[in-house]
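Below, each chain spelled out in residue letters.
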Amino acid sequence: MGRLGLGGRFGGLAAQLDGVFGADGVFAHDRLRFVDFVDDVEELLEEVAWQEGGDKKAADGFEEYMLQHCSG
């Protein structure tokens, strides 16, 4: 993001997602339900979409897509 000149907008994103992945990079299901994680990420994406172009709808469908393709 920094190379794209967007680092200022996304500086806190990693901190907000910190703790949901283990040291091995695998999602830590014992810390947060995947459904809740996906919902939180969609909200973060909506915030980014709003900041970048004023359109929160740009992130619509993320949660549904993730749950359809990544849930076991």
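Right above here is the structure, for reference.
Overview of the structure. Bear in mind that the values here come from a model prediction, so they are computed numbers and not experimental data.

## Things to note about the pattern of salt bridges
Okay, step 1: One pass over the structure, following the stated rule, counts one salt bridge.
Okay, step 2: A salt bridge links aspartate 36 to arginine 33, with the nearest nitrogen and oxygen atoms 3.0 Å apart.
Okay, step 3: Aspartate 36 gets classed as partly exposed once you look at its relative accessible area, which sits at 28%.

## Overview of the nonpolar core
Okay, step 1: The biggest cluster of nonpolar side chains holds seven residues, and these are Val20, Phe27, Phe34, Phe37, Val38, Val41 and Met66.
Okay, step 2: Per element, the largest residue contribution to this core is four residues, and it comes from helix α3 (residues 34–53).
Okay, step 3: For phenylalanine 37, the residues in contact, after removing those within four places along its chain, are Leu17, Val20, Phe21, Phe27 and Leu32.

## Describing the packing of aromatic side chains
Okay, step 1: Evaluated as defined, the whole model comprises five aromatic pairs.
Okay, step 2: Ring geometry for phenylalanine 21 against phenylalanine 37: centres 5.6 Å apart, planes inclined by 90 degrees, an arrangement best described as edge-to-face. One end of the pair, phenylalanine 21, is in the loop between α2 (13–17) and α3; the other, phenylalanine 37, is in helix α3, with 16 residues separating them in the sequence.
Okay, step 3: Ring centres of phenylalanine 27 and phenylalanine 34 lie 5.5 Å apart, and the angle between their planes is 90 degrees; this geometry places the pair in the edge-to-face category.

## Regarding the environment of leucine 67
Okay, step 1: Relative to the assigned elements, leucine 67 resides in helix α4 (residues 62–70).
Okay, step 2: Along the sequence, leucine 67 and valine 38 sit 29 residues apart, while their C-alpha atoms lie 7.8 Å from each other.
Okay, step 3: The contacts of leucine 67, once residues within four sequence positions are left out, are Phe34, Val35 and Val38.

Criteria and thresholds
- Residues numbered from 1 in each chain as written.
- Predicted model: local features only at pLDDT ≥ 70, side-chain atom pairs only at ≥ 80, totals over all residues.
- Heavy atoms only, no water.
- Salt bridge = Lys/Arg side-chain N within 4 Å of Asp/Glu carboxyl O.
- Buried < 20%, exposed > 50% of the residue type's maximum accessible area, 1.4 Å probe, protein only.
- Core = buried A, V, L, I, M, F, W, Y, C linked by side-chain atoms within 4.5 Å.
- Helix = DSSP H or I, 4+ residues; strand = E, 2+ residues; numbered from the N terminus.
- Contact = heavy atoms within 4.5 Å.
- Phe/Tyr/Trp six-rings, centres within 6.5 Å; stacked < 30°, edge-to-face > 60°.

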